[in-house]
Amino acid sequence: MSSNPRLVVGVSGASGAAYGLRVLDACRDLGVESHLIFSRAAALTLAQETTLSVADVQARADVVHKVGDVGASVASGSFPTLGMIVAPCSVRTMSAIATGVTSSLLTRAADVTLKERRPLVLMVRETPLHLGHLRTMVRLAEMGAVIAPPMPAFYARPTSLDEMVDQSVGRALDLFGLSWKPVKRWGQDVGPQSGEG
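Residues numbered from 1 in each chain as written. Predicted model: local features only at pLDDT ≥ 70, side-chain atom pairs only at ≥ 80, totals over all residues. Heavy atoms only, no water.

Colleague: What is the right way to look at the pairing of strand E1 (residues 6–11) in this model?
Modeller: For a regular strand, side-chain orientation follows a simple rule: the groups alternate between the two sheet faces. Most of E1 is tucked away, with six of its six residues classed as buried. Burial along E1 is two-sided: the residues Arg6, Val8 and Gly10 and Leu7, Val9 and Val11 are all buried. Examined bridge by bridge, E1 and strand E2 (residues 33–38) share six bridges and lie parallel to one another. Bridge pairing in E2 places Gly10 opposite Ile37. (Buried < 20%, exposed > 50% of the residue type's maximum accessible area, 1.4 Å probe, protein only. Helix = DSSP H or I, 4+ residues; strand = E, 2+ residues; numbered from the N terminus. Pairing = 2+ DSSP bridges.)

So this is what it looks like as structure tokens:
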């Protein structure tokens, strides 16, 4: 059995496959055991947005779970984890989690995360948002989830798309108490430094 902390990493079919990839890379950098659940729609998005295969993504994870395996370890609250991040999170996935529909391992693991009162961070990728989306987000927030859309942090003065992705991923990982080196922090790396008056 691993002595490392574990994080469940869900990747749905929303645009932004890079977010899920970098979460897996960050887990490796931080010594966190990643448990990947990759949806069928995510495979389609991956092919559109990158030159990577599903096998390439799976190779970045410590443990890979089939999306249809609702009996996997991460489907049980007795399996200890730091929580779960869905990066990116589609509106369909978000809506399924909000209604308690657990027809796949991804949504089942998210439901377990909520019932065990562990952090569930949803990097929702959609814009603009209609009232139904917003009400679903409110419902999830009331259930204990954190809605964390990946937003560019221009104060960090990114010079590449990679830096923008890493900043969003790192800030999402902060919500699990994980501090990833690529994150540029206000008052430390950018902006007024502590001690300056």
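Colleague: Just to check I follow, could you spell out the pattern of salt bridges for this structure?
Modeller: Opposite charge on two side chains permits pairing when their charged atoms draw close. Applying the stated criterion across every chain, the model contains ten salt bridges. Put simply, Arg171 and Asp174 hold a salt bridge, and the shortest N to O gap is 2.8 Å. Of this pair, Arg171 and Asp174 both sit in helix H7 (residues 161–174), three residues apart, roughly one helical turn. Through salt bridges with shared partners, a single network forms among Arg22, Asp25, Arg60 and Asp166. (Salt bridge = Lys/Arg side-chain N within 4 Å of Asp/Glu carboxyl O.)

Colleague: Could you clarify how one ought to interpret the side chain of Thr136 in this entry?
Modeller: Among the secondary structure elements, Thr136 is positioned in helix H6 (residues 131–143). Setting aside anything within four residues of it in sequence, one finds Thr136 in contact with Met94, Ser95 and Ala98. (Contact = heavy atoms within 4.5 Å.)

Colleague: In this structure, what is going on with a nonpolar patch on the surface? I would like to understand it.
Modeller: On the surface, Leu129, Leu131 and Leu134 cluster together into a nonpolar patch covering about 250 Å² of accessible area. As for its position among the elements, Leu134 is in helix H6. (Patch = residues over 30% accessible without salt bridge, like charges linked within 9 Å, V, L, I, M, F, W, Y side chains within 5 Å. Areas by Shrake-Rupley, 256 points an atom, 1.4 Å probe, with all protein chains shown as cover.)

Colleague: I would appreciate a short explanation of the environment of Ser95 in the present structure.
Modeller: By the element assignment, Ser95 lies in helix H4 (residues 91–99). Sequence separation between Ser95 and Val138 is 43 residues; the distance between their C-alpha atoms is 11 Å.

Colleague: Honestly, the sheet that holds strand E3 (residues 63–65) in this entry has me stumped. Any pointers?
Modeller: Across a sheet, strands are paired by hydrogen bonds formed along the backbone, either parallel or antiparallel in direction. If you walk across this open sheet you meet the six strands as E3-E2-E1-E4-E5-E6, and the pairing is parallel. Two strands bound the open sheet, and with one partner strand each, they are E3 and strand E6 (146–147). By the bridge criterion, three bridges tie E2 to E3 in an arrangement that is parallel. Its bridge partner lying in E3, Leu36 is registered against Val64.

Colleague: For this particular structure, what's the right way to read helix H5 (residues 105–115)?
Modeller: Summarising burial for H5: eight of the eleven residues are buried, a large majority. The set of residues buried in H5 consists of Leu105, Leu106, Thr107, Ala109, Ala110, Val112, Thr113 and Leu114.

Colleague: So what exactly am I meant to see when it comes to the packing of aromatic side chains here?
Modeller: How two aromatic rings sit relative to each other is given by the distance of their centres and the angle of their planes. Summed over all chains, the structure comprises one aromatic pair. Relative to Trp186, the ring of Tyr155 has its centre 5.8 Å away and its plane inclined at 90°; by these criteria the two rings are edge-to-face. On the criterion of sequence distance, the pair formed by Tyr155 in the loop between E6 and H7 and Trp186 in the segment after H7 is long-range, its members being 31 residues apart. Trp186 gets classed as exposed once you look at its relative accessible area, which sits at 53%. (Phe/Tyr/Trp six-rings, centres within 6.5 Å; stacked < 30°, edge-to-face > 60°.)

Colleague: For this particular structure, what's the right way to read the nonpolar core?
Modeller: Side chains of a nonpolar character, in soluble globular proteins, are inclined to be buried together. Counting residues in hydrophobic clusters, the biggest one holds 29 residues, and the most contacted among them are Leu7, Val9, Val23, Leu36 and Ile85. Within the residue set of this core, elements represented by two or more residues are E1, helix H1 (17–30), E2, helix H2 (40–49), strand E4 (84–89), strand E5 (120–124) and H7. With seven residues, the single largest contributor to this core is H1. In this structure, Ile85 is in contact with Leu7, Val8, Val9, Gly10, Val23, Val121, Met123, Ala172 and Phe176, ignoring residues within four places of it in sequence. Of all hydrophobic cores here, the second largest spans 25 residues; its members include Ile37, Phe79, Leu105 and Leu114. (Core = buried A, V, L, I, M, F, W, Y, C linked by side-chain atoms within 4.5 Å.)

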